[in-house]
Each structure stands twice: as C-alpha cells, then as structure tokens.
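Commentary on secondary and tertiary structure
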Amino acid sequence: MVIVVLINSISIFNDFFYITEIRRNYMYKVSIILAAISVVLLLVYGADVALKMVSKNSLLDTSIRTIWLGIPSLILPFFAIYLSKNSKSKLVPTLVLVTGVLIIIGGIFMGVKYQQESINEKSDSTPKDIKLVEQESYNPALFEIGTLLAIGGFQAVLAFKRISSSVSRHEV
C-alpha cells in the first residue's frame, strides 16, 4: 500500500513538472508576441509621425495615436520581460532593448522638435513676450520628453541586464 501511494505521488510530481514546463513554454511564446507587438506599434507610431511631418496630415489623430500605439508600446515590454523571466533565450530582451532604444530616439526627436518650435516662437515675439516665456517654469512637453527618456532608458537597461545575465548563465 505504501509503495502504491509512493508511486502515485511520484507520478503526480512528474505530471506537475511536465505541466510547469508546458506553461513555461507558453509564457515564453506569449512574451515574444508581446515584445514583437510593442516594436511594431512603435514603428507604426514613428511612421505616422514622419508622415505628418512630411505631408502635414497623418493617418491617425495625435491623441488616438498616443492612446492606441504609444501607451501600449510603453507597457507591453514590461509584461514581456516578466513573462520570460525563466527563459534563457535572448530574443525577448533583445526586442525589449529595441523598444527602449526606439522610445529614446522618439524622445530625442520630440525634444529637437520642441526646441525648434520654441526658437521659432522666440523669433516671432517681442522682447516683452520672450521674458514671459522664459519665466514659465512648467512645460508639459518637457515632462513628456523626460518621461519618454526615463521609460525608454529603464527598458533598455533592464533588457541589457537580462541579455548579459543570459550570456553569463550559458558560460557557467
């Protein structure tokens, strides 16, 4: 009787580890899909912004583009990294690194565009208006640029650490 119970418990443990391995593979595939979706969303976002800069009209409104393309592409990489935490593969961290770099590039372009617009506004205004503009300390565009650079940098550092840790795991 004890032997039967022991054999059944070993069978249950084997089934548990098999199910856990299937679940781990499923989570890894989901994380690849999330990271790839994030990269594609950012590329579509950038293409729409470039279209707007070139032809003065875009496919999407700015608020719709930000809500449906920008925000998910900021959030999805964190889920992808979390879901692939038990994987040794470098694909997901590489996709997240690409996402982080694209976000940083977008923040830099946004900063350059803001700088050009502020120079154009200063050249069109009187000296009295320039003093008023210089006295303003809060600017939402600077807050957005800082947020983009921080999130993109955090994603890039997180992905780089995962890539370097997966390399060191393989060397051991």
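Everything quoted here is computed from the prediction, not taken from an experiment.

Calculation rules
- Residues numbered from 1 in each chain as written.
- Predicted model: local features only at pLDDT ≥ 70, side-chain atom pairs only at ≥ 80, totals over all residues.
- Heavy atoms only, no water.
- Salt bridge = Lys/Arg side-chain N within 4 Å of Asp/Glu carboxyl O.
- Helix = DSSP H or I, 4+ residues; strand = E, 2+ residues; numbered from the N terminus.
- Buried < 20%, exposed > 50% of the residue type's maximum accessible area, 1.4 Å probe, protein only.
- pLDDT = per-residue confidence, 0-100.
- Phe/Tyr/Trp six-rings, centres within 6.5 Å; stacked < 30°, edge-to-face > 60°.
- Lys NZ or Arg CZ within 6 Å of the ring centre and 35° of its normal.
- Core = buried A, V, L, I, M, F, W, Y, C linked by side-chain atoms within 4.5 Å.
- Contact = heavy atoms within 4.5 Å.

Once that is clear, we can look at the pattern of salt bridges. Considering all chains together, one arrives at one salt bridge under this definition. A salt bridge links Arg 65 to Asp 48; its shortest N-O distance comes to 2.8 Å. Of this pair, Arg 65 sits in helix 2 (residues 62-83) while Asp 48 sits in helix 1 (residues 2-55), placing them 17 residues apart in sequence. What makes Asp 48 buried here is its relative accessible area of 4%.

Note that Ile 105 resides in helix 3 (residues 91-124). Sequence separation between Ile 105 and Leu 148 is 43 residues, and the spatial gap between their C-alpha atoms is 9.3 Å.

With that out of the way, let us pick up the confidence of the model for the protein chain. Looking at the protein chain, pLDDT values average 81 and 74% of them are 70 or higher. Ranking the helices and strands of the protein chain by mean pLDDT puts helix 2 first, with 92, and helix 4 (residues 127-135) last, with 54.

For the rest of this paragraph, the subject is unusual backbone geometry. The phi torsion of most residues other than glycine is negative, and most of the peptide bonds are trans. Phi at Lys 56 takes a positive value of approximately 65°, unusual for a residue other than glycine. By the element assignment, Lys 56 lies in the loop between helix 1 and helix 2.

Two measures describe an aromatic ring pair: the distance that separates the ring centres and the angle between the ring planes. In the structure shown here, the tally under the stated rule is one aromatic pair. With 5.8 Å between their ring centres and 35° between their planes, Phe 78 and Phe 154 make a pair best called tilted. Pair noted here: Phe 78 is in helix 2 and Phe 154 is in helix 5 (residues 140-171), with a separation of 76 residues, a long-range link. Given the relative accessible area of 48%, Phe 154 is considered partly exposed. Across the ring face of Tyr 45, the terminal group of Arg 65 is positioned such that the distance to the ring centre comes to 5.4 Å.

Grouped together as the largest cluster of nonpolar side chains are 13 residues, with contacts concentrated most on Ala 35, Ala 80, Val 92 and Val 96. Looking at this core, the elements with two or more residues in it are helix 1, helix 2 and helix 3. Per element, the largest residue contribution to this core is five residues, and it comes from helix 1. Filtering out sequence-adjacent residues up to four positions away, Val 92 remains in contact with Tyr 28, Ser 31, Ile 32, Ala 35, Ala 80, Ile 81 and Ser 84.

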